[in-house]
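Examination of the molecular architecture
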Amino acid sequence: MIGLVTAGVIIAALYFGRDILIPLALAFLLGFVLDPLVMRLKRWGLPRAAAVFIVVASALGVLGLAGLLLGNQVSALSAQLPTYQSNIKSKLNDLRESASRPGMFDGALKTFDTLKNEVDKAPANLAESSEKAKTTPPPPQRVQLEQKSPSSFQQAITWLEASSGPLANAGIVLVFVVLILLDRLDLRDRLLRLWGGSLHRSTDAMDEAGTRISKYLTMQLVINLTYGVPMAVGLWFIGVPGAILWGAVAAVMRFVPYVGPMISAIFPVALAFAVDPGWSMVLWTVGLIVALEVLSNNFIEPWLYGASTGLSAMSLMVSAIFWTALWGPIGLIMSTPLTVCLLVIGRYLPRLKFLDVLLGSQPALDTPTRIYQRLLAGDVEEAIELATEVSANGDVASFYDESGLRVLRMATSDHASVATAEHRHRVVIGMNALIDDLCEQHPSPAGLGGPSVVCIGGKWEVDNLAANMLAHALSLEGTHAELRPAGTLSADYIARLDLASAHTVCLSFFSPEPQLQARHFCRRLRRSWPDVQIILTLWNAPPELLAEDACKKMGADAVVTSISEAVVQVSTLMGVQFNEGFMPAPIPEADAERLRALRASGALDTRAQPIFDTAAKRAADVFDMPMAMVSLIDEGKQTVRGAHGSLPAAAEGPSEPVRGEDLNIPRSLSMCGHVVANSQTLVVPDIARDLRFAGNPALQAKGLRFYAGAPLRDDAGHVLGTLCILDVEPHSLNQREVRLLEAMADDVMSVLRESALQWRATASVPAPTSSPPSATVGQLLPSGG
């Protein structure tokens, strides 16, 4: 009730305070548009007051010139309109004649009316009809009152009263805009103080809101220009009068969501209807508008907008209706920026998190949760469709790791709390069907031989499902893997496992405390098959069970927690060379052109090393990592050009700390080589548990566990190297931290470009020519006495 009452009070305040809030909101919106221009003038050395005056005066001047130009267009067009009256009358008569002609259903309708009248006709009483006709009074006469036309003075007063409101609002908006631009920093500080709480969270919220709104307005302006300019040019070629006017109207009206483009299309179509005696100009005008709408809505807007606002299509529609109901047409124009502010508030205030869920464009549920919900609802087909979509790239092992195991973890968590017997049955049946479908879509390679791996469920059905996924992932990697279901741990069950030809056994457990069961199972297996290698796949194990001593106590040879890690451990224990024991860094097709760009960039200049050292130190400090470096990738080697810190000696790594020069390694073994090849940021939370890099000998020798590298791109888009952070302990980065690392890499390249220009300019200046010496060494000089 408190929430509903609060929402009602806020909505009422927005409605009844619209006379004050609308100019203020418009001023903030214009401030977002004009502030970048003010900041640019400030960077050129102008004081803020002067920069604000110049920007506001320029904006008013542009609006005045545009109004003057469009006014001339309107006056010229109004002078031509009377000449088109004959065309309008002729076309209207043609349309009226066409409408009066019998249609394809007119005959059937007339027949139906005749039958209906015959059925409904009652016997007429002529005497009563004539009597009623005599007593019916005559119809009343129509009287029309004509008002006296007002005088010129009265008309001027009426126009002044009508325009006083909009002019006053425009003046208020102008004053607010100037004040906002002058006191932007002070206003920002006051908003941060009002927001309260964490200063980090408040700053992030305001930065995100400003970035999203500025990007939306900029992209909207670009889109409107890409629509209005072709509209004006096309109408000019077609011959519609006032083409520039209608192009400008189309560009401006697209700021009004949904209805603006439809309103702007009425004017050129109506004018083409009036101008051309035929219908060709109308058809060409309609075709032009339709083509521009299709091109803009389906290609230009998705390309330029992307996820700039972060709002879903449904929330955009609802927000347009909501703000239009509160503030009228102005609310419709400002609906998207205002809703973006609500979205950001919901993202950073936990109490208003529902706004982010309702308005945001991100899926409300992640993929594992969606699959789990479909299984709970018994919608197996949709769950399979989601799984197929995620694993469409062929990386089934990653799907099992990131989605399949998470579904089973949620099922395990709900097993004893909220899940009913029917829910458990649906999950088990649905996951079996999902795994079988993936096995059909991605069959195991034929003719797999050699030592086999047997995957066994520990106790429950979810253990069997995880073992099935692991067996499928191993077979896709080229290992002969078989599945054995879970059962009661007895002598008969152990004998039926038939592990005589097995080299490795993987025991699957989802229990958070599997020590007793795992120890007992391993002991029984060792007793019957002492030479078999045992891997415990503890999908929900706490960190203490992953240590080597805990593994030995349970009687296993290794403990893993993911599908990819299990594949790596199987490779280690069996000595089998998988298709990708580790993934060497590939060579991109245009590498020769990239190498030429590397040599011409100035990055190989010794004077660039301080730039790289500074960037590495900043990255290590910002991300709190023991080491950061800037590496460049040449034909066959990774060269560290700047580094800060060192990797401490790890238990399984080198005995001495690893420094930057120790990471000058071959390109094929370099993780930075993957960044160069794929031209995108690479983050590996735990190298030892990643199938792509766990077997890399260079990384193993250095004890490296965490890597995150962002590409260093030049102006042409060539990736010259990376800015990367490293550690001997696993870590993870969120999306904001990844974007920050990428921004820092871009800053490195910006500084390098400016420095390289200065170096070239210095080299191009000729050295001053020295005059020949006036004396030689040893020559006697006259004394001054």
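My aim in this report is to walk through the structure given alongside it, one point at a time.

Criteria and cut-off values
Residues numbered from 1 in each chain as written. Predicted model: local features only at pLDDT ≥ 70, side-chain atom pairs only at ≥ 80, totals over all residues. Heavy atoms only, no water. Helix = DSSP H or I, 4+ residues; strand = E, 2+ residues; numbered from the N terminus. Buried < 20%, exposed > 50% of the residue type's maximum accessible area, 1.4 Å probe, protein only. Contact = heavy atoms within 4.5 Å. Salt bridge = Lys/Arg side-chain N within 4 Å of Asp/Glu carboxyl O. Axes fitted to C-alpha atoms, helices over the stretch in contact; angles between N-to-C directions. Parallel < 35°, antiparallel > 145°, perpendicular 65-115°, else oblique. Nonpolar A, V, L, I, M, F, W, Y, C, P; charged D, E, K, R; others polar. Core = buried A, V, L, I, M, F, W, Y, C linked by side-chain atoms within 4.5 Å. Pairing = 2+ DSSP bridges. Right-handed = clockwise from strand over helix to strand, strands pointing away.

Overview of the side chain of Arg48
Note on placement: Arg48 falls in helix H3 (residues 48-80). Owing to a relative accessible area of 15%, Arg48 belongs among the buried residues under this scheme. Setting aside its immediate chain neighbours within four residues, Arg48 contacts Asp35, Val38, Met39, Lys42, Leu181, Leu182 and Arg184.

Comments concerning the pattern of salt bridges
Under the criterion given, the structure shown has 16 salt bridges. With its nearest N and O atoms 3.2 Å apart, the salt bridge here joins Asp35 to Arg48. In this pair, Asp35 is assigned in helix H2 (residues 18-43) and Arg48 in helix H3, connecting sequence segments 13 residues apart. Taken as a pair, Asp35 and Arg48 share a single burial class, namely buried. A salt bridge links Glu635 to Arg599, with the nearest nitrogen and oxygen atoms 2.5 Å apart. Of this pair, Glu635 sits in the loop between strand E6 (627-633) and strand E7 (638-645) while Arg599 is found in helix H26 (residues 591-600), placing the two residues 36 residues apart along the sequence. Residue Glu635 is classed as partly exposed on the basis of its relative accessible area, which comes to 47%. Judged by its relative accessible area of 49%, Arg599 falls in the partly exposed class. Among the ionic contacts, a cluster of salt bridges with common partners joins Asp591, Arg594 and Arg667.

A word on the packing of helix H19 (residues 396-415) against helix H21 (residues 461-476)
Helix packing geometry: the angle between the two helix axes and the distance between the axes. The geometry of H19 relative to H21 is characterised by a closest axis approach of 10 Å and an angle of 175 degrees between their N-to-C directions. Relative to H21, H19 is oriented roughly antiparallel. Here Val396, Ala397, Tyr400, Gly404, Leu405, Leu408 and Thr412 of H19 come into contact with H21, specifically with Val462, Leu465, Ala466, Met469, His472, Ala473 and Leu476. Its residues assigned to classes, the contact of H19 with H21 shows 11 nonpolar, 3 polar and no charged.

What about the nonpolar core?
Tyr400 and Met431 are the most contacted members of the largest nonpolar core, which totals 42 residues. For this core, the secondary-structure elements that each account for two or more residues are helix H17 (367-376), helix H18 (380-390), H19, helix H20 (421-441), strand E1 (452-457), H21, strand E5 (558-560) and helix H25 (563-574). Of the residues forming this core, the biggest block, 9 residues, is contributed by H21. In terms of nonpolar packing, the next biggest core, distinct from the first, is built from 33 residues, Leu595, Leu598, Phe612 and Ala620 among them.

A closer look at the pairing of E1
Of all the 6 residues making up E1, 6 are buried; the element is thus mostly covered by neighbouring parts of the structure. Taking every second residue as pointing to the same face, both faces of E1 are buried, with Ser452, Val454 and Ile456 on one and Val453, Cys455 and Gly457 on the other. Relative to strand E2 (residues 480-484), E1 runs parallel, the two being bridged by 5 bridges. Bridge assignment links Cys455 to a residue of E2, and that residue is Leu483. With H21 bridging E1 and the parallel E2, this β-α-β connection has right-handed handedness. When E1 meets strand E3 (residues 502-509), the two strands line up parallel, connected through 6 bridges. In the sheet register, Ile456 faces E3, and the bridge partner there is Leu507.

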